[in-house]
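As a plain string of letters, each chain reads:
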Amino acid sequence: GLMSLFAGSSGTGKTMAADIIANALGLDLYKIDLSGVVSKYIGETEKNLEQIFEAAGGSNVVLFFDEADSLFGKRSEVKDARDRYANIEVSYLLQRLERYDGVVVLATNFEKNIDEAFVRRIHARVEFAVPKPPERRLIWKRNLPDTAPVVGVDVDDLAERFELSGGSIRNAAVHAAFLAASE
């Protein structure tokens, strides 16, 4: 299979990029819900992951692991049984990914927390940076439609003064629209 790592701050477009890739390939994006996968009971996380990989193997999907560092985190020195079982989860994932022939996208805000064994298996790594003022200006303009009552809103000033991710700009524009609509 093909495994990619998308790394960057929240709101920089990692999930959107995974969705675009899936659409370009004509596949569905299957977002893994970590709350439904990770279990405090020994062996349950691996069972849940196996069900996901089995289902994905029979479908044409892109598997998307958001907050991947929580599942694909670095193994640690074994000091007690919990450490040993945590390391077993990572080892299981390494073996299972080797057998999976589909597309997997890992997204993380903390790339340094990903186990080195996964990093070696990654075919493509993309860094998502917080946009610079010219990109922020475009994002602001795309999120404030021409039909919106934006009298007094200086998009150039917003882009220059506030170092925001694209997701944060979108959230601010939507929030402002709701505030304006309530008035």
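Structural notes, computed from the coordinates. (Residues numbered from 1 in each chain as written. Predicted model: local features only at pLDDT ≥ 70, side-chain atom pairs only at ≥ 80, totals over all residues. Heavy atoms only, no water.)

A short note on the overall build of the protein
Across its full length, the protein carries eight helices and five strands. Helices and strands appear in the protein in the N-to-C order β-α-β-α-α-β-α-β-α-β-α-α-α. At 20 Å, the protein has a C-alpha radius of gyration far larger than the 16 Å of a compact globule built from 183 residues. Judged by the C-alpha coordinates and their principal axes, the protein covers about 60 × 40 × 30 Å. Within the protein, the fraction of its 183 residues that count as buried is 38%. For the protein, contacts bridging at least 24 residues in sequence account for 73% of all contacts bridging at least 6. Both charge centroids of the protein, one from 22 positive and one from 28 negative side chains, sit 3 Å from each other. (Helix = DSSP H or I, 4+ residues; strand = E, 2+ residues; numbered from the N terminus. Rg over C-alpha atoms; globule rule 2.2 N^0.38 Å. Buried < 20%, exposed > 50% of the residue type's maximum accessible area, 1.4 Å probe, protein only. Contact = heavy atoms within 4.5 Å. Lys, Arg positive; Asp, Glu negative; His and termini not counted. Charge placed at Lys NZ, Arg CZ, Asp CG, Glu CD.)

Describing the sheet that holds strand 5 (residues 124-128)
Taken in spatial order, the five strands line up as 2-3-4-1-5 in an open sheet, and their pairing is parallel. Bordering the open sheet on either side are strand 2 (28-31) and strand 5, each of which pairs with just one other strand. Each neighbouring strand pair of the sheet contributes to a mean axis angle of 20°, computed without reference to strand direction. Relative to strand 4 (residues 103-108), strand 3 (residues 61-65) is paired through four bridges, and the arrangement is parallel. Bridged to Phe-64 within strand 4 is Val-105. Along the sheet, helix 3 (residues 44-57) contacts strand 2 and strand 3; its crossing angle with strand 3, the most-contacted strand, is approximately 155°. (Pairing = 2+ DSSP bridges. Axes fitted to C-alpha atoms, helices over the stretch in contact; angles between N-to-C directions.)

Notes on the pairing of strand 3
Taken across its five residues, strand 3 has five buried, putting it largely inside the fold. Burial along strand 3 is two-sided: Val-61, Leu-63 and Phe-65 facing one way and Val-62 and Phe-64 facing the other are all buried. In this structure, strand 2 lies alongside strand 3, joined through four bridges in parallel fashion. The residue bridging Tyr-30 from the neighbouring strand is Leu-63, located in strand 3.

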